[in-house]
Amino acid sequence: MKPGFPTPIPFAQLQSLDRPDFVALLSTVVEHSPWVAEQTWQRRPFASWTALFLALEQTLREAEPAQQLALLQAHPELAGREAQAGSMTSDSQSEQGRLGLLSLQPHELERLAALNQRYRLRFGIPFIAALRLHESLASVFATFEVRLGNDPSTERAIALRQVGQVMHGRLEKTVLPESPGSPHHPLVSTA
């Protein structure tokens, strides 16, 4: 995050940012992939917070397969070597820490290491899950086991959708929605 940005910033303030500031602010919403914010800048202006999120998501979907693969490979494994080395981003530390992935019991760590290894061997990427959507570690383990049964193309599509969900959670912490009186604010009904 670029120093000097109070976060979360109001959506209207985001709209007024120049390209370098926009990219600096949103560079961390997708793990180690500031190119997503860089390319999304070209989709301005955004009609709403939701439109901003959808534009970021569209950038992910329209990326070249090699770029998508690099993005997926940039994610840390759950309680993996990056966690052990303390080299995860602060966002990933927070997300993994919420469910206790950074303080696992030895048998849990052993199970997760085996799952991580099986997954990476089968799919060539780390297992990616939007941990904010899980209430417990048991839920993560169950999802991990189910997804190991997917074919590679299905799993890659799921992984990209999970990146989108991670991005949504990070964007919520970075950019406030429109003002409460705005027709795009989540609490205002337009029906």
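> Teacher, can you tell me more about the overall build of the chain here?
Summing up its helical and strand segments, the chain has 10 helices and two strands in all. Secondary structure elements in the chain, listed N-terminal to C-terminal, are β-α-α-α-α-α-α-α-α-α-α-β. Within the chain, buried positions represent 46% of all 191 residues. Pairs at least 24 residues apart make up 67% of the contacts formed inside the chain by residues separated by at least 6 positions. Surface summary for the chain: the accessible area is close to 9,700 Å², and the carbon and sulfur share equals 55%. Considering the chain, the positive charge centre built from 17 side chains and the negative charge centre built from 19 side chains are found 2 Å apart.

> How should I be thinking about the nonpolar core in this particular structure?
In globular proteins that are soluble, nonpolar side chains generally tend to be buried together. Counting 51 residues, the largest nonpolar core has L14, F22, L26, L52, L171 and V175 as the members making the most contacts within it. For this core, the secondary-structure elements that each account for two or more residues are helix 1 (11-15), helix 2 (19-26), helix 3 (35-40), helix 4 (49-62), helix 5 (65-73), helix 8 (106-123), helix 9 (137-147) and helix 10 (152-174). In terms of residue count, the dominant contributor to this core is helix 4 (six residues). Excluding its chain neighbours within four sequence positions, the residues that come into contact with L26 are L14, A37, L52, L171, T174 and V175.

> Would you take a moment to explain the packing of aromatic side chains for this structure?
Within a pair of aromatic rings, the relevant descriptors are the distance that separates the centres and the angle that separates the planes. For the structure shown, the criterion picks out seven aromatic pairs. Both rings, one in W49 and one in F53, keep their centres 6.3 Å apart while their planes meet at 15°; by these two values the pair is stacked. In this pair, W49 and F53 both sit in helix 4, four residues apart, roughly one turn of the helix. One aromatic cluster is present, built from ring pairs that chain together Y119, F123, F127 and F144. Its end group placed over the ring of F141, R111 keeps NZ or CZ at 4.1 Å from the ring centre.

> Hey, could you run me through the confidence of the model for the chain in this one?
Caution applies to low-pLDDT parts of the model: their predicted coordinates are not meant to be read in detail. Here the chain shows a mean pLDDT of 89. Residues at 70 or above account for 91%. This stretch, residues 182-191, has a pLDDT under 50; its non-local contacts, to residues over four places away or in other chains, come to 12 contacts.

> Please clarify how the layout of surface pockets should be interpreted in this entry.
As a volume, the largest pocket reaches approximately 290 Å³. The wall of the largest pocket is formed by 20 residues, among which E95, A129, L131, V166 and R170 lie closest to the centre. Secondary-structure elements contributing two or more residues to the lining of the largest pocket are helix 7 (90-98) and helix 10. A total of six residues in the lining of the largest pocket trace back to one element, the largest contributor, which is helix 10.

> When you look at the packing of helix 7 against helix 10 in this model, what are you seeing that I'm missing?
The axes of two packed helices give the description: the angle between them and the distance between them. Running from N to C, helix 7 and helix 10 cross one another at 110°; their axes reach a closest spacing of 12 Å. As far as their axial angle goes, helix 10 and helix 7 are roughly perpendicular. Of helix 10, the residues touching helix 7 (which contributes D91, S92, S94 and E95) are V166, R170 and K173. Considered class by class, the residues forming the contact of helix 7 with helix 10 number one nonpolar, two polar and four charged.

> Quick question: what am I supposed to make of the packing of helix 8 against helix 9 here?
Close contact between helix 8 and helix 9 brings their axes to 11 Å; oriented N to C, the two are set at 30°. Taken together, the axes of helix 8 and helix 9 are roughly parallel relative to one another. Note on packing geometry: the crossing formed by helix 8 with helix 9 is left-handed. Where helix 8 abuts helix 9, its residues E108, R111, L112, L115, N116, R118, Y119 and F123 lie against L137, F141, F144, E145 and R147. For the contact of helix 8 with helix 9, the residue count by class is seven nonpolar, one polar and five charged.

Rules used throughout
Residues numbered from 1 in each chain as written. Predicted model: local features only at pLDDT ≥ 70, side-chain atom pairs only at ≥ 80, totals over all residues. Heavy atoms only, no water. Helix = DSSP H or I, 4+ residues; strand = E, 2+ residues; numbered from the N terminus. Buried < 20%, exposed > 50% of the residue type's maximum accessible area, 1.4 Å probe, protein only. Contact = heavy atoms within 4.5 Å. Areas by Shrake-Rupley, 256 points an atom, 1.4 Å probe, with all protein chains shown as cover. Lys, Arg positive; Asp, Glu negative; His and termini not counted. Charge placed at Lys NZ, Arg CZ, Asp CG, Glu CD. Core = buried A, V, L, I, M, F, W, Y, C linked by side-chain atoms within 4.5 Å. Phe/Tyr/Trp six-rings, centres within 6.5 Å; stacked < 30°, edge-to-face > 60°. Lys NZ or Arg CZ within 6 Å of the ring centre and 35° of its normal. pLDDT = per-residue confidence, 0-100. 1 Å grid on protein atoms, 1.4 Å probe; cavity = no way out; pocket = protein on both sides within 12 Å on 5 of 7 lines; lining within 4 Å. Points joined across faces, edges and corners; volume = space filled by probe spheres on them. Axes fitted to C-alpha atoms, helices over the stretch in contact; angles between N-to-C directions. Parallel < 35°, antiparallel > 145°, perpendicular 65-115°, else oblique. Nonpolar A, V, L, I, M, F, W, Y, C, P; charged D, E, K, R; others polar. Left-handed = near helix turned anticlockwise from the far one by under 90°.

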